[in-house]
Amino acid sequence: MAFNGPDNTDYDNVASLNQAFLTLLGKDPGLRRSLEEIPADLASRLTALNSEQITRLAGAPFLLFSFRESDDGYWGDLLSDSQEGDLFRIEVSAAVDTLTSAGLGFIWQLAQRNPYALRLICGAPLSWCEQVAEITFYRLLAAVRQSGSPPGLRASSEPAVWRKLLSEGLGRKGDIRRAAHVSVLQAILTAPAAGQQPHWSLAARRLNTPAKRVADRRG
């Protein structure tokens, strides 16, 4: 069975959202909390990126921030308890609220037309992508806002991912940089869902596996 991947417009939107997230990461207290899970040296490097480095890293073919897509328990509670009323109960900065709304809007519309592409862009289980496609955008936005959880750093508990992204993933040579990004995506897609026993040693090996052929398809 053939699946259509993300198109160029989707990747443009991913880059734009990633750039907004990385720019805010070092400034917004709510977003900075997600850096507490990664080693201090990586957190420092992430918040010290210059504009050129942010642009390079933002070009990864997946969202660098997460709405905890692989956490079935979290989303089960979120949607079962969601009320379609108090949309603005949680207080966050205007910039983070804009990022959340834009990110969820992009996620929801992509779920409607191509859940498989959404799986690649969010590193999420297909079941989550299909679940998002079945609810209204209003309900999705209300549920996430009421949770009180701003977008977090993707794979924040996996330093190997971020060491890869902040080394080869920032490289000046586009082919090496894209290969690093794709290898990280492969590792994220093969990681277990939240609550399962992790086998990141296997996924980490994929971070060192050449992914240039896949990267070339995108570039």
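Residues numbered from 1 in each chain as written. Predicted model: local features only at pLDDT ≥ 70, side-chain atom pairs only at ≥ 80, totals over all residues. Heavy atoms only, no water.

**Student:** Please provide a residue-by-residue account of the pattern of salt bridges, values included.
**Tutor:** Pairs may arise between side chains of opposite charge once their charged atoms sit close together. Across all of its chains, the model carries seven salt bridges by this definition. Lys 164 serves as the salt-bridge partner of Glu 168, at 3.5 Å between the closest nitrogen and oxygen. Looking at Lys 164, the relative accessible area reads 13%, which means it is buried. (Salt bridge = Lys/Arg side-chain N within 4 Å of Asp/Glu carboxyl O. Buried < 20%, exposed > 50% of the residue type's maximum accessible area, 1.4 Å probe, protein only.)

**Student:** Hey, could you go over the nonpolar core for me, with residue numbers and the actual values?
**Tutor:** Judged by nonpolar contacts, the single largest core of 56 residues is most densely connected at Leu 46, Leu 57, Trp 75, Trp 128 and Trp 162. For this core, the element with the most residues is helix H6 (residues 94-113), which contributes seven residues. Setting aside its immediate chain neighbours within four residues, Leu 57 contacts Leu 22, Leu 46, Leu 49, Leu 64, Trp 162, Leu 165, Leu 166, Gly 169, Leu 170 and His 181. (Core = buried A, V, L, I, M, F, W, Y, C linked by side-chain atoms within 4.5 Å. Helix = DSSP H or I, 4+ residues; strand = E, 2+ residues; numbered from the N terminus. Contact = heavy atoms within 4.5 Å.)

**Student:** Explain the environment of Ala 111 residue by residue, including any values.
**Tutor:** When you line up the elements, Ala 111 lands in helix H6. Distance from Ala 111 to Leu 126, taken between C-alpha atoms, is 9.9 Å for residues 15 residues apart in sequence. Not counting chain neighbours up to four residues away, the residues in contact with Ala 111 comprise Leu 118, Cys 129, Val 132 and Ala 133.

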